[in-house]
Amino acid sequence: MKVKNVALLTLGVLILSSCASHSTMRGSVAMKTGEDTAHVCLGDGEIRQGDKVIAYKNVCTNNNLERNTRSHLSVSCKKEKIGEGSVLNVINEHYSEVKFETGVPFTEGTIVEKAK
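What you see is a predicted model; the values in this text were computed from it and never measured.

Kindly report on the overall build of the protein, identifying the contributing residues and their values.
Within the protein one finds 1 helix and 6 strands. Start at the N end of the protein and walk to the C end: the helices and strands fall as α-β-β-β-β-β-β. The burial tally for the protein puts 27% of its 116 residues in the buried class. Residue pairs at least 24 apart in sequence account for 65% of intrachain contacts in the protein once pairs closer than 6 positions are excluded. Surface exposure of the protein reaches about 8,200 Å², of which carbon and sulfur atoms provide 54%.

So, the pairing of strand β6 (residues 111-114): which residues are in play, and what are the values?
Both faces of the sheet carry side chains from a regular strand, because those side chains alternate between them. Here strand β1 (residues 26-32) pairs with β6 via 3 bridges, running antiparallel. Bridge pairing in β6 places R26 opposite E113. The pairing of strand β3 (residues 52-62) with β6 spans 4 bridges and is antiparallel. Looking at β6, one finds that Y56 is bridged to I111.

Which residues make up the state of the cysteines, and what values go with them?
A complete count under the given rule lists 1 disulfide for this structure. The residue that forms a disulfide with C60 is C77, at a sulfur-sulfur distance of 2.0 Å. For the disulfide bridge between C60 and C77, the dihedral angle about the S-S bond is near 110°, and by the sign convention the bridge is right-handed. Of the two residues, C60 is situated in strand β3 and C77 in strand β4 (residues 75-90); the sequence distance between them amounts to 17 residues. By relative accessible area, C60 is classed as partly exposed at 44%.

Could you give an account of the packing of aromatic side chains, with specific residues and numbers?
Under the defined criterion, the tally for this structure stands at 1 aromatic pair. Taking the centre distance of 4.5 Å and the plane angle of 35° together, the rings of F100 and F106 count as tilted. Of the two residues examined, F100 and F106, each falls in the buried class. Stacked on the ring of F106, the Lys or Arg K32 has its end atom at 4.6 Å from the ring centre. Residue placement shows K79 over the ring face of Y56; its charged tip is 4.4 Å from the ring centre.

Each value, and the rule that gives it
- Residues numbered from 1 in each chain as written.
- Predicted model: local features only at pLDDT ≥ 70, side-chain atom pairs only at ≥ 80, totals over all residues.
- Heavy atoms only, no water.
- Helix = DSSP H or I, 4+ residues; strand = E, 2+ residues; numbered from the N terminus.
- Buried < 20%, exposed > 50% of the residue type's maximum accessible area, 1.4 Å probe, protein only.
- Contact = heavy atoms within 4.5 Å.
- Areas by Shrake-Rupley, 256 points an atom, 1.4 Å probe, with all protein chains shown as cover.
- Pairing = 2+ DSSP bridges.
- Disulfide = S-S within 2.5 Å.
- Phe/Tyr/Trp six-rings, centres within 6.5 Å; stacked < 30°, edge-to-face > 60°.
- Lys NZ or Arg CZ within 6 Å of the ring centre and 35° of its normal.

Following this line, the structure appears as structure tokens:
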């Protein structure tokens, strides 16, 4: 039992450290509040009023040569930039309000990164 707990703890630390290795602050649209505004999961300490952000969507393709079998399933995904915006205000430690450029096709779940 003790070995199992140590193994689970080690696995958890490895998973969390791999997620934390991104140098870019990344969140997502939590709620669309207007045609070009949203609450985004980037809060105090991660982003500031006036910061620029970039919106992305995931584009995944199925590279399965034999579509009738799952044994050769190969899926690849990439981030595709869909637009930019800026932080209007930081709401709290978890959320900020972002205004996207006119015409950016964002929805709840859209990936948002702080621009470098």
